[in-house]
Amino acid sequence: MVSVVPVKDKKLLEVKLGELPSWILMWDFSPSGIARTFQRGYYWYYNKYINMKKGSISSITMVLGCYMLFSYCLSYKEIKHEWLHKYH
């Protein structure tokens, strides 16, 4: 017997290409829905990498690496301008 899972309850890797637009439109785009999504992502990351029996430095390193990449992307325009500036 085949059980049918609604598209809303599927994870991204379980969604077929034809179902992708309807799956995205079922998201909650209200401010509280977006806040819940970020909160769920934070708790997933915290429970997977920070709250462990045998923790390591890699979890903190990933956070710092993401912060560095994000700040580099924000200041890319100014950095690019400095590359083109000639000092002579």
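Scroll up for the structure.
I will try to describe carefully the structure that is included in this document. As the structure is a prediction and not an experimental result, all values here were calculated from the model. (Residues numbered from 1 in each chain as written. Predicted model: local features only at pLDDT ≥ 70, side-chain atom pairs only at ≥ 80, totals over all residues. Heavy atoms only, no water.)

Structural notes on the pattern of salt bridges
Then step 1. If you walk through the whole model with that rule in mind, you get 2 salt bridges.
Then step 2. Of the charged contacts, one joins E19 and K10 as a salt bridge, the two residues approaching to 3.2 Å between their closest N and O atoms. (Salt bridge = Lys/Arg side-chain N within 4 Å of Asp/Glu carboxyl O.)

Thoughts on the layout of surface pockets
Then step 1. Counted as a void, the largest pocket has a volume near 550 Å³.
Then step 2. If you go around the largest pocket, you meet 13 residues; those closest to its centre are W23, W27, G33, T37 and R40.
Then step 3. Here the lining of the largest pocket is composed, by residue class, of 6 nonpolar, 3 polar and 4 charged. (1 Å grid on protein atoms, 1.4 Å probe; cavity = no way out; pocket = protein on both sides within 12 Å on 5 of 7 lines; lining within 4 Å. Points joined across faces, edges and corners; volume = space filled by probe spheres on them. Nonpolar A, V, L, I, M, F, W, Y, C, P; charged D, E, K, R; others polar.)

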